[in-house]
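Coordinate analysis (summary)
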Amino acid sequence: KRSFSNIMDINKAHLLMLISRGIVTREDGQKIMDALDEINVKGASNLDLDPKLEELYFNIEAALIKIVGVEVGGQLHTGRSRNDLYATLSRLNSRDSHLRICEQLLTVREDIIKIAETSLYTIMSGHTHMQPAEPITLAHYLSAILSALERDFQRFIHSFNQINLSPLGSGAMASTSFKIDRLETSRLLGFNSVVDNSIDGVASRDYILESLSAMNILMNNLSRFSHDLYIWATDEFGIVEVGDSVAASSSIMPQKKNPITLEHIKAKAGHVMGALVSATSCLKNTSYGHSRDATESLKYLWDAFSEVESSLHLLSATIKTLKFNEEKMFIRTLENFSTVTELANTIVREANISFREAHQIVGHLVSEMIEKRIPVSKINSEDINKISKFVINREIILSKEGIQKALDPIQNVESKNTSGGPAPKEVKKQIEKLKAAIKNDKEWLNEQQSKIHHKKQQLSKVKV
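Note that residues are indexed from 1 along each chain, following the sequence as it is written. In keeping with the predicted nature of the model, local features appear solely for residues at pLDDT of at least 70, side-chain atom pairs appear and are counted solely at 80 or more, and the whole-chain, interface and lining totals rest on all residues. Neither water nor hydrogens contribute to the side-chain values; these are computed over all heavy atoms in the structure.

A look at the side chain of Ser381
- Only DSSP runs of H or I reaching four residues or more are called helices, and only runs of E reaching two or more are called strands; each is numbered from the N terminus. Assignment of secondary structure puts Ser381 in helix α16 (residues 381–391).
- Any two residues having at least one pair of non-hydrogen atoms within 4.5 Å are treated as being in contact. Dropping the residues within four chain positions of it, Ser381 is found in contact with Ile397, Leu398 and Ile403.

Overview of the pairing of strand β1 (residues 123–128)
- Strands qualify as paired when DSSP identifies two bridges or more between them. Pairing analysis gives five bridges linking β1 to strand β2 (residues 131–137), with the strands arranged antiparallel. When the bridges of β2 are listed, Met124 appears paired with Ile136.
- Connecting β1 to the antiparallel partner β2 that follows it, the hairpin turn spans two residues, and His129 within it adopts a positive phi of roughly 55°.

Description of the packing of aromatic side chains
- Ring pairs shown here join Phe, Tyr and Trp side chains whose ring centres sit within 6.5 Å, with only the six-membered ring taken for Trp; geometry is labelled stacked below 30 degrees between planes, edge-to-face above 60, and tilted in between. Scanning all chains against the criterion turns up six aromatic pairs.
- Measuring from ring centre to ring centre gives 5.3 Å for Tyr57 and Phe58, while their planes differ by 55°; the resulting arrangement is tilted.
- Taken together, Tyr141, Phe225 and Trp232 form an aromatic cluster joined through their ring pairs.
- In this structure, Arg95 is placed above the aromatic ring of Phe191, and the distance from its NZ or CZ to the ring centre is 5.1 Å.
- Think of it as a cone above the ring: NZ of Lys or CZ of Arg counts as a charge over the ring if it is within 6 Å of the ring centre and within 35 degrees of the ring normal. The ring of Tyr230 has Lys266 sitting right over it, with the charged end atom 3.9 Å from the ring centre.

Observations regarding the pattern of salt bridges
- Definition used for salt bridges: Asp or Glu carboxyl oxygen within 4 Å of a side-chain nitrogen of Lys or Arg. One pass over the full model with this rule turns up 24 salt bridges.
- Between Lys31 and Glu27 there is a salt bridge, and its shortest N-O distance comes to 3.9 Å. Separated by four residues within a single helix, Lys31 and Glu27 lie in helix α2 (residues 26–42), roughly one turn from each other.
- Note on Glu27: relative accessible area 57%, which makes it exposed.
- Among the ionic pairs, Asp441 bridges to Arg109, the shortest N-O distance being 2.9 Å. For each residue, the accessible area found with a 1.4 Å probe, counting protein chains only, is set against the maximum for its type, and the residue is called buried under 20%, exposed over 50%, and partly exposed in between.

Focus: the side chain of Lys12
- Relative to the elements of secondary structure, Lys12 occurs in helix α1 (residues 4–20).
- Setting aside residues up to four positions removed in sequence, Lys12 forms contacts with Met33, Leu36, Asp37, Asn40, Leu459 and Ser460.

Quick word on unusual backbone geometry
- Look at Glu54: it is not a glycine, yet its phi comes out positive at around 75°.
- Along the chain, Glu54 turns up in the loop between α2 and α3 (56–68).
- Residue class for Glu54 comes out exposed when judged on its relative accessible area of 52%.

Given below as C-alpha cells:
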C-alpha cells in the first residue's frame, strides 16, 4: 500500500533514463513501459505476491517478465541495485508522509489561531509550576503554542529538504559502469538533487533520525498543549470543556465526560519518543554501507508517521469543539492573588524602594491575607503600610488608584505592553506575525505538492 505507486514511478523514471542514454533500445523500452502501465493499472491489490521472491521489487519484476519475457523485462534492472532502489523508495515514501503531516499541522495552527483572534480580551491566570502566576489572556497563551508549532513546521521543512535527494544510481554502493544520468532520474522523480556519494546514497539513514527527531519535538509540544487542556477540563479547574464527539463516558458512572482524545495524543507522544530511541539503536552499530539492520530502522519511521498523523487529526477535531468558561477564568484571576506581582511593581514605582523589598512586603501581605481568609480585593494602603513597617521598618503610602490598577486583572494585563507581553495590542501583533508565517508555510507546502504532483502526472502519461 505504501510503496507500490512510488516503486512504479522509480521503475518508469529509471527506464526513461536508460532509453535516453541508449542503454535500452526504444523498442524494448516501449514494451517494458507498456507492461509497467498494465501492472500499474491493475494495482497493488492484483499483484500476485510470491513470498519466495522475498519482497515487492522482485514480485513486480516477475510480473513484468511474465508479460514481456526475461530478455526484455530483465533489462529494467540495468545500472541499479535493490540497495539504491529501496533507498530511493524509502525517501519517496518519507517525503509523502512529511507533506501530509505538514498539511495537517497547518490545519491545526489555523484552528488554534481562530480561537486566539477571538480571545484577545479573555482574561485567565497564567501558571508556573502549575500554580497561579500572573494574569494573561487566552490569546496570549495560544500565541505561545502557535510559536512552538511554527518552529515545528520549520524543522519539517529542513528534514524534508534532507530527504528530498535522490540516491538512485548509487548501485549496491559503488555506483555503476553504465553511463547513466542520475540528474535525469532525480528530476523525473521530483527530487531537489542527488546524494553526491554512492556509498552515502545507500548507507545514509540519518534523515530517518532527523525526521523522527522533528516528529518527537512536535509530539512533545502537542502533548504539553494537550496536558494543559486536560488539566483545565478537570472539575477542579473547570475552565474548558471538550465536545461530546471527542469525549467518552464511563461504563458505570453516567456523569463522566472523559476528554479521551487528549489522552491518546499524550500516549502517542510516548510512542514517537520510543520510535526515535529504537531507530537510533538499530543504526548506531552498523557499518556505513547497506545492511538489513540499518533498513530495519524504517519500521519505526512508518510507525511514527502514523502516530503523528493520528494525533494531529485528533487534536484538530478536539480544538473545533472547545468551550472556554470565560467567566470562571476571570473570577479565578480576581481571587487567586495572581495580580500581586504588579502590586509589587506599583510599590517600587510609588514608594521608590527596591523590587526585592517590595517582593518581601507583598509576600508577607499575601501570607497574612490567606491566613485570615481576606480576599485579594480587600487589599488597601493601610494593610500594605502595616506590613512594610514590619518587613523593612519603613512607612509607604500607595494611592488607591495605583492599588486598584495593579489588582484589576484587565488593567494588569493592559499594562504588560512590552514586546511579547499579554496586552491585547501586543498579542494582536504576535498573531499577525503568526498568520503571516502560516501563509508562507502554506505557500511552501503548495509549491512542494504541486511539483511532486506534476512529476507524477508526467510519469503517468509519459510516451517512450
